[in-house]
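# Secondary and tertiary structure notes
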Amino acid sequence: MNVTVLWVPLLLCAVSVWIHFSGGFAEALQYDRAGLHQLQLYRLVSGHFTHWTLRHMVYDTFFYGLLTLFYFVFHQGTSSGIRLYGIYILTLSFGTAGIVYFLHPHILYYRGLSGLDWGLYGIFAIQLWKLRHWFWRNSAVLMVLLFGIKLVIQIKAGQSMFVGDMGPGVVNMPGVHAAGVIGGALLAAFLEPHSTNSSGTARTL
């Protein structure tokens, strides 16, 4: 793996941390329905890198960095893998923000990387499935089952399984997580390369 690509997850995670500790700057970048009506379209992407609490930021950023690392390990740090990653993140950013905008009109503000986290989770599951080895395919199925269990627990609890209560007025949005997984899986199903053999060795783009 070309370790120089590690600047990608490190930089994006650093942006998430910096925004959280930058005071009121998060308000200028969060998903804001009124701001979008004023054509502040950058919020569709920047809003994902803002968070409500320290715990929210730590969990979201950790899993974002970890799943991004898994993605680049699969692609062995190729430049084509970086370009494809950009397509994934932009598509998932606009897609999950669009879900919030059109399906949750009562939501005025939205923060968090969880939609992208679960999108990367769906991508990784498809990457494992496309390795064509029974162990990796069973691992992909297990990932889907674990997400289903997590989703049920989250819906019943009425709050995030990992982050917990994020303060008054902040609601749980499991539908965004489901949209992230489905969107990531669909994108990867079309865009990710297949293994060249049954041993589990990935073919890079």
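For the structure, see preceding data.
Just so you know, these numbers come straight off a predicted model, no measurement behind them.

### Regarding the nonpolar core
One finds Tyr64 and Tyr85 to be the most contacted residues of the largest nonpolar core, which totals 37 residues. Those elements giving two or more residues to this core turn out to be α1 (7-20), α2 (25-29), α5 (54-75), α6 (79-103), α7 (114-129), α8 (134-157) and α9 (174-191). The dominant element in this core, judged by the number of residues it contributes, is α7, at 9 residues. With residues near it in sequence (within four places) discarded, Tyr85 still touches Val8, Leu12, Tyr64, Thr68, Tyr71, Phe72 and Leu120. Judged by nonpolar contacts, the second largest core, of 9 residues, contains Tyr31, Leu36, Ala97 and Ile107.

### Thoughts on α6
Between the first and last C-alpha of α6 there are 36 Å, a value that for 25 residues agrees with the 36 Å anticipated at 1.5 Å per step. Three or more residues of α6 are buried, namely Ser80, Gly81, Leu84, Tyr85, Tyr88, Ile89, Leu92, Ser93, Thr96, Ala97, Gly98 and Val100.

### A look at a nonpolar patch on the surface
Together, Trp129, Val141, Leu142, Leu145, Leu146, Ile149 and Ile153 give the surface a local cluster of nonpolar side chains, amounting to about 650 Å² of exposed area. Of all the elements, α8 adds the most residues to the nonpolar patch, at 6 residues. Note on placement: Leu146 falls in helix α8.

Each value, and the rule that gives it
Residues numbered from 1 in each chain as written. Predicted model: local features only at pLDDT ≥ 70, side-chain atom pairs only at ≥ 80, totals over all residues. Heavy atoms only, no water. Core = buried A, V, L, I, M, F, W, Y, C linked by side-chain atoms within 4.5 Å. Buried < 20%, exposed > 50% of the residue type's maximum accessible area, 1.4 Å probe, protein only. Helix = DSSP H or I, 4+ residues; strand = E, 2+ residues; numbered from the N terminus. Contact = heavy atoms within 4.5 Å. Expected span 1.5 Å × (residues − 1). Patch = residues over 30% accessible without salt bridge, like charges linked within 9 Å, V, L, I, M, F, W, Y side chains within 5 Å. Areas by Shrake-Rupley, 256 points an atom, 1.4 Å probe, with all protein chains shown as cover. Salt bridge = Lys/Arg side-chain N within 4 Å of Asp/Glu carboxyl O.

All we've got here are geometric facts, nothing functional implied.
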